[in-house]
Amino acid sequence: QVQLVESGGGLVQAGGSLRLSCTASGPTFSRYAMGWFRQAPGKERQFVAAISRSGSITVYADSVKGRFTITRDNAKNTIYLDMNTLKPEDTAVYYCAADRDTLTTTRQPINYDYWGQGTQVTVSS
């Protein structure tokens, strides 16, 4: 069982930056591919970014490519999402998730086994 706790959300003006963190419990963090998703009110959960177990492979949604960066520190059981040039349409609850089976990365929420409780990101115009 893995427990995930996100932090770092908040209110920021358009064009600003935020760094989200997601810390996992347990000694086997490096065995999980990890991902970030987001969900805006009235919308489906949307893939944002994913990172492989070692951190050598990363993938991004087209809507955030070039603005967001996903990284991980396996020694700290933590992944990060650096978000720059934020836009009002980035407003959502952001969730991190852990996938124990995928060897590289996956964009599909159904493939993830564990989810955090989410952190709110609000971008004002």
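For the structure itself, look to the data block above.
Residues numbered from 1 in each chain as written. Predicted model: local features only at pLDDT ≥ 70, side-chain atom pairs only at ≥ 80, totals over all residues. Heavy atoms only, no water.

## Brief notes about unusual backbone geometry
It is generally the case that most residues other than glycine have a negative phi and that most peptide bonds are trans.
In step 1: Of note, the phi angle at N77 is positive, near 55 degrees, even though the residue is not glycine.
In step 2: Its location among the elements puts N77 in the loop between β7 (68–73) and β8 (78–83).
In step 3: Of note in this structure, T85 is not a glycine but carries a positive phi near 50 degrees.
In step 4: As for its position among the elements, T85 is in the loop between β8 and β9 (92–99). (Helix = DSSP H or I, 4+ residues; strand = E, 2+ residues; numbered from the N terminus.)

## Observations concerning the pattern of salt bridges
In step 1: What the rule picks out here adds up to 5 salt bridges.
In step 2: In this structure, R67 and D90 form a salt bridge, with 2.8 Å as the shortest nitrogen-oxygen distance. In this pair, R67 sits in the loop between β6 (58–60) and β7 while D90 sits in the loop between β8 and β9, placing the two residues 23 residues apart along the sequence. Neither R67 nor D90 differs from the other in exposure class; each is buried. (Salt bridge = Lys/Arg side-chain N within 4 Å of Asp/Glu carboxyl O. Buried < 20%, exposed > 50% of the residue type's maximum accessible area, 1.4 Å probe, protein only.)

## So, the environment of A49
In step 1: Locating A49 in the fold gives a position in strand β5 (residues 46–51).
In step 2: Between the alpha carbons of A49 and D73 there is a distance of 16 Å; along the sequence they are 24 residues apart.
In step 3: Apart from the residues within four sequence positions on either side, A49 is in contact with M34, G35, W36, V59, Y60, I70 and L81. (Contact = heavy atoms within 4.5 Å.)

## Describing the sheet that holds strand β3 (residues 18–24)
In step 1: Reading across the sheet, the 4 strands line up as β1-β3-β8-β7 and stay open at both edges, with antiparallel pairing between neighbours. The open sheet terminates on both sides in strands that have one partner only, identified here as β1 (4–7) and β7. Each strand axis lies, on average, 15 degrees off the axis of its neighbour in the sheet, ignoring direction.
In step 2: One ladder, built from 6 bridges, connects β7 with β8; its direction is antiparallel. Each bridged residue has a counterpart across the sheet, and for I70 the counterpart in β8 is L81. (Pairing = 2+ DSSP bridges. Axes fitted to C-alpha atoms, helices over the stretch in contact; angles between N-to-C directions.)

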